[in-house]
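Geometric and topological summary
Okay, here's what each chain looks like letter by letter:
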Amino acid sequence: MSSVPKALKYSKTHEWVREEDDTVIIGITDHAQTMLGDLVYVELPELEFSFEMGQECAVIESVKAAADIYCPISGEVVEINELLLDNPQLINEDPYGKGWLLRLRPFENDFKELLTAEQYTKLVASEAH
Amino acid sequence: MGKRTPLYECHLQAEAKIVDFAGWDMPLHYGSQLQEHHQVRQDAGLFDVSHMTIVDFTGRDVSLYLKHLLANNVDRLVPGKALYTCMLNEQGGIIDDLIVYKLSEDFYRLVVNSGTHDKDLAWLAKQAKAFQITIKERTDLAMLAIQGPRVRQKIASLFTPAQTQLILDLKSFHAVTVDDYFVARTGYTGEEGFEIILPASKASTFWQQLVAVGIKPCGLGARDTLRLEAGLNLYGADMDEKVTPLESNLSWTVAFEPADRDFIGRSALLEQQLAGVRYKLVGLVLEGQGVLRNHQKVIVDGVGEGEITSGSFSPTLNKGIALARVPVNTKESCLVGMRGKLVPAQVVKPPFVRQGKQAENKKNLVI
């Protein structure tokens, strides 16, 4: 069973969101990295780009497949994890820590659309059947 | 539930991620496909390839039969030697690619793909009608591949000194029988190594012995990136019944001489040569970052269009690489349609990697 930290919020498309003061950090879940397998390429957005909720904001590719990352909330990019560009496997090794993707400054408080850890765990379980 | 090899329990014990492959429950990886890839390039890896189809042919006419059936010529073989060949239909299309081993004048062994099992056996039987031969599929056997630069030093403790010497003395594409083990110096990774056919009942014990000497289990995921780096075609992706060996970088496997050997597909290939072969299979190396994928469109300026037949990521080169079928006049560069963008790629003659290192990528001016 993959790990789903209680403190985070989740999207239906397998991103996680961590609130930190007035910004949020976004990554992909342990379940998502397991499904994709070894990651070999990450394409991140430029700073100051803005995204709507659900808009494609990054691309990650494993040996097996390419996956779009959908922005789980709307906001402006204030930081990207440049370490991933040379070492995409950080996402496999530490999806909730060193494998974070980007930091956003949210436009509005639309967190209520996101899932709790419990709801996300149920979603993963239901997708497995 | 799919079909299972005699090593299925070994895979579960090694925590394999099991996936369906041509109806078989096979290990995709045992944790990390990339680590397994490097394991084979730098050390020694172990693959269960028991899903592949092993067929034995015996009888008075077996040489005559195989000379008719196969595009390469088994007259090139002496007992203990193997060759790689295609099996063609009358139109020159590739029914399958395979390795044929000559064991004696009236005994040959073919190893064909698992994905083509049913149609291959039907074709083999259909073509056998005019010949005095017996065809027997060997479902009682398992098959392992051990591949990598340190395989040779690691296997010494598993056999007697005399047996070890026989195995280490094997030349490329030669095989020897050691007790119940049929050991061939062949593989699908571009590294040194052996493929071993043995009784299914002994497979799991032997697997554990190989693991104990440090030859680590590797899954089909690594097998695919290894073979792609080595520039080896995959049936069903890089070739099928709609293309001929002449369009698949496999002209070297077709024996047109002697001219009186009338193998199936010969006249179609000669016609194609006369009319002019229009496509060729080449290697692509992505110039920027990213991963090439099967079926991406290839655009060659002023020449025409082609398609990627096997695209992936090369863990050894850290670049996107692919095999692609392109117009025969394609020179050294092209564009690939990737996720809505056109990106430049270099056209090279495979392999991309030879024995652990980047191959000298000859620019594709001559093929």
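Summary of the structure given here. (Residues numbered from 1 in each chain as written. Chains lettered and ligands numbered in written order. Predicted model: local features only at pLDDT ≥ 70, side-chain atom pairs only at ≥ 80, totals over all residues. Heavy atoms only, no water.)

Counting secondary structure elements, chain A contains four helices and nine strands. What you see for chain A is a C-alpha radius of gyration of 14 Å, in line with the 14 Å of a compact globule of 129 residues. Overall, chain A is about 35 × 35 × 20 Å in size when its C-alpha atoms are taken along their principal axes. Across the 129 residues of chain A, 53% fall into the buried class. Pairs at least 24 residues apart make up 62% of the contacts formed inside chain A by residues separated by at least 6 positions. Across chain A, the 10 positively charged side chains and the 25 negatively charged ones have centroids separated by 9 Å. (Helix = DSSP H or I, 4+ residues; strand = E, 2+ residues; numbered from the N terminus. Rg over C-alpha atoms; globule rule 2.2 N^0.38 Å. Buried < 20%, exposed > 50% of the residue type's maximum accessible area, 1.4 Å probe, protein only. Contact = heavy atoms within 4.5 Å. Lys, Arg positive; Asp, Glu negative; His and termini not counted. Charge placed at Lys NZ, Arg CZ, Asp CG, Glu CD.)

Residue and element names in this part refer to chain B. Residue position: Glu287 is located in the loop between strand S14 (279-286) and strand S15 (297-300). For Glu287 and Ala145, which are 142 residues apart along the polypeptide, the C-alpha to C-alpha distance reads 33 Å. Each residue touching Glu287, except ones within four places of it in the same chain, is listed here: Pro344, Ala345 and Gln346.

Using the criterion set out here, one finds 24 salt bridges over all chains in the structure. Glu43(A) is paired through a salt bridge with Lys341(B); the nearest N and O atoms lie 3.8 Å apart. Taken together, the positions of Glu43(A) in strand S4 (residues 39-43) and Lys341(B) in strand S19 (residues 341-348) put the pair across two chains. Looking at Lys341(B), the relative accessible area reads 46%, which means it is partly exposed. A salt bridge links Arg185(B) to Glu192(B), with the shortest nitrogen-to-oxygen separation between them at 2.6 Å. One salt-bridge network, in which partners are shared between bridges, spans Asp56(B), Arg109(B), Arg138(B) and Asp140(B). (Salt bridge = Lys/Arg side-chain N within 4 Å of Asp/Glu carboxyl O.)

To continue, consider the packing of aromatic side chains. Residue and element names in this part refer to chain B. All told, the structure shown has eleven aromatic pairs over all chains when counted by the stated rule. Both rings, one in Phe256 and one in Phe263, keep their centres 6.3 Å apart while their planes meet at 50 degrees; by these two values the pair is tilted. Accessibility assignment for this pair places Phe256 and Phe263 in one class, buried. Grouped by ring-pair contacts, the aromatic residues Phe57, Tyr65 and Phe131 constitute a single cluster. Taking the ring centre of Phe182 as reference, the NZ or CZ of Arg109 above it sits at 4.9 Å. (Phe/Tyr/Trp six-rings, centres within 6.5 Å; stacked < 30°, edge-to-face > 60°. Lys NZ or Arg CZ within 6 Å of the ring centre and 35° of its normal.)

Quick look at the interface of chain B and chain A now. How big an interface is tends to be stated in terms of accessible area lost as the parts join. Chain B puts 14 residues into the contact, and the matching count from chain A is 15 residues. Considering only the side of chain B, the residues that lose the most area to chain A are Leu34(B), Arg293(B) and Arg339(B), jointly responsible for 43% of the buried surface there. Here chain B and chain A share three salt bridges between them. Between Arg339(B) and Asp68(A) there is a salt bridge, and its shortest N-O distance comes to 2.5 Å. For the pair chain B and chain A, the number of links is nine residue pairs in polar contact (both at pLDDT 80 or more). Listed by contribution, the elements that provide at least two residues to the side of chain B that touches chain A are helix H2 (33-42) and strand S16 (304-314) of chain B. (Buried area = accessible area lost by both parts, 1.4 Å probe. Polar contact = N/O pair within 3.5 Å; in protein donor to acceptor, adjacent residues only side chain to side chain.)

Attention now goes to the sheet that holds strand S5 (residues 82-88) of chain B. Residue and element names in this part refer to chain B. In space, the five strands of this open sheet follow the order S5-S6-S7-S4-S8, with antiparallel pairing throughout. Every other strand in the sheet has two partners, leaving S5 and strand S8 (134-137) as the edge strands with one partner each. Within the sheet, the average angular offset between the axes of one strand and its neighbour, ignoring direction, is 30 degrees. Bridge count between strand S4 (residues 53-58) and strand S7 (residues 107-112): six bridges; the pairing is antiparallel. Bridging across to S7, Val55 finds its partner in Leu110. Helix-sheet contacts for helix H3 (residues 62-69) involve S4, S5, strand S6 (94-104), S7 and S8, and the interaxial angle to S7 is about 30 degrees. (Pairing = 2+ DSSP bridges. Axes fitted to C-alpha atoms, helices over the stretch in contact; angles between N-to-C directions.)

As a further point, take the pairing of strand S2 (residues 15-20) of chain A. All names here are of chain A. As paired elements, strand S1 (residues 9-10) and S2 share two bridges and run antiparallel to each other. Bridging from a neighbouring strand, Lys9 pairs with Val17 of S2. Connecting the antiparallel pair S1 and S2 is a turn made up of four residues, with His14 showing a positive phi of about 75 degrees. Two elements, S2 and strand S3 (residues 23-28), share six bridges in a ladder whose sense is antiparallel. The residue of S3 that forms the bridge with Trp16 is Gly27. Linking S2 to S3, which pair antiparallel, is a turn of two residues; within it Asp21 sits at a positive phi near 55 degrees.

Residue and element names in this part refer to chain B. With respect to the element layout, Arg109 can be found in strand S7. Residue classification places Arg109 among the buried residues on the basis of a relative accessible area of 6%. Arg109 sits 28 residues away from Glu137 along the chain, and the two C-alpha atoms are 9.6 Å apart. Only 2.8 Å separates the side chain of Arg109 from the side chain of Asp56, close enough to count as a polar contact.

Bringing helix H9 (residues 266-275) of chain B into the picture now. All names here are of chain B. Arg266, Ala268, Leu269 and Gln272 are the residues of H9 that are buried. One face of H9 carries all of its buried residues, which in axial projection span an arc of 165 degrees. Looking at H9, the residues exposed on the side facing more than 90 degrees away from the buried face are Glu271, Leu274 and Ala275. If you follow the buried residues of H9, they end up packed against S5. (Arc of directions from axis to C-beta.)

Turning to helix H6 (residues 161-168) of chain B, a few remarks are in order. Residues and elements named next belong to chain B. Taken as a whole, H6 has its buried residues at Gln163, Thr164 and Ile167. Burial along H6 is one-sided: seen end-on, the buried residues are contained in an arc of 100 degrees. The outward face of H6, more than 90 degrees from its buried face, is lined by the exposed residues Pro161 and Ala162. Contact partners of the buried residues in H6: strand S10 (175-178), strand S11 (181-184) and strand S12 (193-199).

A word on the sheet that holds strand S9 (residues 141-147) of chain B. Residue and element names in this part refer to chain B. If you trace the six strands from one edge of the open sheet to the other, you get S10-S11-S12-S9-S3-S13, paired in mixed fashion. Looking at which strands have only one partner, the edges of the open sheet turn out to be S10 and strand S13 (216-217). Relative to S9, strand S3 (residues 45-48) runs antiparallel, the two sharing four bridges. Across the sheet, residue Asp48 finds its bridge partner in S9, namely Leu144. Set on the sheet, H6 makes contact with S10, S11 and S12; between it and S10 the angle comes to about 165 degrees.

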